[in-house]
Amino acid sequence: MLRGPAGAARRPGEAPPGDMLLAAAATAGLLLSGRRLRGPLLSLGAAAAATTVLVRRAWRTTGPPADVARVSESEVGRPEVGEPEAWARHRAELTHRHRGRAARATTLSVGSQVADTSLYLLFGWASVVVFRGESPALTARGLAGAPRQLGAIIGVAAVARAMAATLSYRADTAWRALGQDVQHEMRTELYPHVQRLQPGRLEEERVSRLAGVLSGDIDQVGSFVATVPHEAVQLATCLAMMAGGYLVGAPDIAWIAFLPLPLIAWISLRHQQRSSSVYAAGGEDRARLNGRLINSLEASATVKSFCGEEHEAGRVSELSHAVRLSGTATDRFTAGYSQTVLSITATSFLANLLAGGRKAIGGTLSLDLFSVLNVLPQQTIFKLTALGVTIDQLQRTQAALHRVKYLYSLPTEPVGEGRPLQAGQVTGDITLQHVTFAYPGRPHTVADLSMHFTPGTSTGIVGATGAGKSTVAKLLTRFYAPRTGRVLLDGEEVRELDLADLRRVVGYVSQDAFLFDGTIADNIRYGTFDADREAVIRSARLAQAHTFVEALPQGYETPVGERGLALSGGQRQRLALARALLKDPPVLILDEATSAVDNETEAAIQQALRHYSTGRTLITIAHRLPTVRNADRIYVMNEGGRIAETGTHEELLASEGLYTSLWALQIQDTPRPPSR
Ligand SMILES: Nc1ncnc2c1ncn2[C@@H]1O[C@H](COP(=O)(O)OP(=O)(O)OP(=O)(O)O)[C@@H](O)[C@H]1O
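Residues numbered from 1 in each chain as written. Predicted model: local features only at pLDDT ≥ 70, side-chain atom pairs only at ≥ 80, totals over all residues.

1. Focus: the environment of Gly 314
And step 1. Relative to the helices and strands, Gly 314 is located in helix H12 (residues 309–362).
And step 2. On the basis of neighbour count, Gly 314 is assigned to the exposed category, with 11 C-beta atoms found within 10 Å.
And step 3. Considered as a pair, Gly 314 and Leu 542 are 228 residues apart in the sequence and their alpha carbons are 53 Å apart. (Helix = DSSP H or I, 4+ residues; strand = E, 2+ residues; numbered from the N terminus. Buried ≥ 20, exposed ≤ 12 C-beta atoms within 10 Å, placed from the backbone.)

As structure tokens, then:
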């Protein structure tokens, strides 16, 4: 078994890695080259080999930056994820679609670098004309006299500058546009996939982590495409121009020009490795300060009532001091690096000047050539200083892609599969037959559960907290599938039905009345996006929301704020209810949908729902027994996720079981004050 450069095993017969091919080509080049070029080629090869070895070592020993590694292994979980099919397809499409653009942008990057470097070469040449009085090379080409020569060089330099500006602008914008497009396409492809994740997986993955992949990681990929290939192509162009220039023009002193390259590459990589930990420490200090500030400001009522202002100010000052110290350390570090790089660049320049100058004085190197060649190493070194940042970007992008790939590997809900359902033909006959279900890693939530919901009737489900009432609703809407047993709608197993159709015919108002950042009308219309204003108002009236909405200065156009925080809990619940009523489903499940509403308003809602639910199947899950007392049937669930009792309110009271004792407890409760 052979070992690849990164320590990876390579099977016999596998294609040799790129550097072996390079070595073979270099050996052939050396053998074919004349004696004059053999030495310079060797020094170029040595510089290239040393630089490659250093980059490889840095890549292997450091791995991804500290902050990236932490996220990719602990948060995302499995470092090794296979190639999910959806991701492989999307990646292939992206590559195929943008191949031509990437090739054009690469050409522009090469052109812009050639024009830019030419400009500096021309400056060097112009100074020779000024100091020496003429350029023999130009005189030999029929352009005699310093003023004419100078004018010609400056004219060409102006053209080179214009070309450099145009090509750089076009290359930069081409790469950036490509980065933006890749980012946009990745996000718009990944987001629907994330939305289709099975609810269980969606709950397991933290929202902040999912949002982090969809925003931060995809941004990382986009900014990588926008900048790194452009810089890498420019560096390669600089290296090629420098190597070509020295090998052709001054092979004897080529080694002096090549010598600093591995040194600069090494310093740049070392700097990046060390700076990533310095910056990570500074970032953590800033994050701690930020967290403390937000926490303190959010808890302002608690801080004030416990007179904790001084205590909070002290803690903020402490953290701010830590930020100051880490900031100073980072600044010192950065300043030290730029001075080191400048010193090496200057040393290389002086060494070139000395060696090349002696040859020019001795007449073995033309002054014209000497003046232009001197410029090339400066440009290359300048570009090479960004190598550490490039490697860092590459590693960050790899880690970001790893996380994208991981999300693609998570199981999704089926789309467009199953038997279609017509809302108008659904009667709403629902049956649970011996259903057993457990959340992953948990004991059974419901066990051997059987229930029946007769079409056109209302059913209440009550029971202890954690008994599994909401779980029943989730099984009906196929958020989860039972382990054993069957859930049937109109005699058909729900898992055989088209999922989107099923959710269209089953309206569900969950415990947490979630509102989107938008207006009240937008929130009621959510899911029935084409509903007109009259329909919106009608459902708001049914949900007893119209009066409070009308009383607001902007009425239905009032923004509800992030997560609806500009409204009270009872108001939010009524809007969520109005949203479900507007959907007009044949089956409606209300899971603690009015728990934050005062008794009087709840009674009005129930009155309205009695008319609304005619011909529909209404399932009401509640803790408050008065919410379900008028239901045609009530199921009482016990803690083991089983049915303890069933019957009408009167029948259950007569049986003097669990329901009777709960009722006795609750009617002693003080009535709640009216909600706003
Ligand atoms: N996503 C989940 N992952 C793991 N366990 C869960 C999940 N959701 C609910 N459970 C557990 O399942 C059990 C039943 O929860 P469920 O929400 O169905 O109860 P409930 O009767 O509706 O309770 P409550 O009246 O408090 O709303 C609880 O023990 C709960 O901790």
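On we go from here.
2. Some remarks on the sheet that holds strand E7 (residues 492–493)
Neighbouring strands of a sheet are bound in pairs by backbone hydrogen bonds; such pairs are parallel or else antiparallel.
And step 1. Taken together, 4 strands build an open sheet; the order of strands is E4-E3-E6-E7 and the sheet is antiparallel. Every interior strand has two partners, whereas the edge strands, strand E4 (444–453) and E7, have only one.
And step 2. Sheet topology note: the strand E3 (residues 430–438)/E4 ladder contains 6 bridges and is antiparallel. Residue pairing across strands places Thr 431 opposite His 452, the latter belonging to E4.
And step 3. Of the strands in this sheet, E3, E4 and strand E6 (484–489) are in contact with helix H16 (residues 469–476), which crosses E3 at around 115°. (Pairing = 2+ DSSP bridges. Contact = placed C-beta atoms within 7 Å. Axes fitted to C-alpha atoms, helices over the stretch in contact; angles between N-to-C directions.)

3. As for the site of the ligand
And step 1. Neighbouring residues of the ligand: Glu 203, Tyr 439, Arg 442, Thr 445, Thr 465, Gly 466, Ala 467, Gly 468, Lys 469, Ser 470, Thr 471 and Gln 511.
And step 2. The dominant element in the shell around the ligand, judged by the number of residues it contributes, is H16, at 3 residues.
And step 3. Grouping the amino acids of the shell around the ligand by side-chain chemistry returns 2 nonpolar, 7 polar and 3 charged. (Near = placed C-beta within 6 Å. Nonpolar A, V, L, I, M, F, W, Y, C, P; charged D, E, K, R; others polar.)

4. Some points on the packing of helix H8 (residues 207–249) against helix H14 (residues 375–384)
The packing of two helices is summarised by the inter-axis angle and the distance between the axes.
And step 1. Look at H8 against H14: their axes get within 9 Å of each other, and the N-to-C directions meet at 155°. By the angle between their directions, the pair H8 and H14 is classed as roughly antiparallel. For the pair H8 and H14, the sense of crossing is left-handed. Two secondary-structure elements touch here, H8 through Gln 234, Leu 235, Cys 238, Leu 239, Met 241, Met 242 and Gly 245 and H14 through Leu 376, Pro 377, Gln 379, Thr 380, Lys 383 and Leu 384.
And step 2. Class assignment for the residues of the contact of H8 with H14 results in 8 nonpolar, 4 polar and 1 charged. (Parallel < 35°, antiparallel > 145°, perpendicular 65-115°, else oblique. Left-handed = near helix turned anticlockwise from the far one by under 90°.)

5. Observations concerning the environment of Lys 405
And step 1. Mapped onto the elements of the fold, Lys 405 is located in helix H15 (residues 387–409).
And step 2. As a C-alpha pair, Lys 405 and Leu 119 span 286 residues in sequence and 44 Å in three-dimensional space.

6. A few points about the packing of helix H4 (residues 85–132) against H8
And step 1. Close contact between H4 and H8 brings their axes to 9 Å; oriented N to C, the two are set at 50°. Here H4 lies oblique to H8, going by the angle between them. Crossing handedness for the pair H4 and H8: right-handed. Counted together, Thr 106, Ser 109, Val 110, Gln 113, Val 114 and Thr 117 of H4 and His 230, Val 233, Gln 234, Thr 237, Cys 238 and Met 241 of H8 form the full contact between these two elements.
And step 2. Within the contact of H4 with H8, the residues separate by chemical class into 5 nonpolar, 7 polar and no charged.

7. Some thoughts on unusual backbone geometry
And step 1. In this structure, Asp 490 is a non-glycine residue whose phi angle is positive, near 50°.
And step 2. C-beta crowding within 10 Å serves as the criterion here: with 18 such atoms nearby, Asp 490 is assigned to the partly exposed category.
And step 3. Notably, Asp 584 is not glycine yet its phi reads approximately 60°, a positive angle.
And step 4. Note on placement: Asp 584 falls in the loop between helix H21 (569–583) and strand E9 (587–591).

8. Remarks on the environment of Glu 492
And step 1. Within the fold, Glu 492 resides in strand E7.
And step 2. On the basis of neighbour count, Glu 492 is assigned to the partly exposed category, with 16 C-beta atoms found within 10 Å.
And step 3. Sequence-wise, Glu 492 and Ile 430 are 62 residues apart; in three dimensions their C-alpha atoms are separated by 9.2 Å.
And step 4. Among residues more than four places away in sequence, those in contact with Glu 492 are Arg 419 and Leu 497.

9. Points about H12
And step 1. For H12, which comprises 54 residues, the first-to-last C-alpha distance of 78 Å matches the rise-based estimate of 80 Å (1.5 Å per residue) to within 8%.
And step 2. Listing the buried residues of H12 in full gives Ser 348, Asn 352 and Gly 356.
And step 3. Positive phi appears at Gly 363, one or two residues downstream of H12, with a value of about 85°. (Expected span 1.5 Å × (residues − 1).)

10. As for the sheet that holds E9
And step 1. Overall, mixed pairing links the 6 strands, which are arranged E8-E9-E10-E5-E11-E12 in an open sheet. This sheet does not close on itself; its edge strands, each paired only once, are strand E8 (506–509) and strand E12 (643–647). Taken over all neighbouring pairs, the strand axes of this sheet differ in orientation by 15° on average, direction set aside.
And step 2. By the bridge criterion, 4 bridges tie E8 to E9 in an arrangement that is parallel. From the neighbouring strand, Tyr 508 faces E9, where its bridge partner is Ile 589.

11. A few points about the nonpolar core
And step 1. Counting residues in each nonpolar core, the largest one holds 67 residues, and the members touching the most others are Leu 476, Ala 543, Leu 577, Ala 578 and Ile 589.
And step 2. Membership of the second largest hydrophobic core comes to 60 residues, among which are Leu 121, Met 186, Ala 254 and Ala 399. (Core = buried A, V, L, I, M, F, W, Y, C linked by C-beta atoms within 7 Å.)

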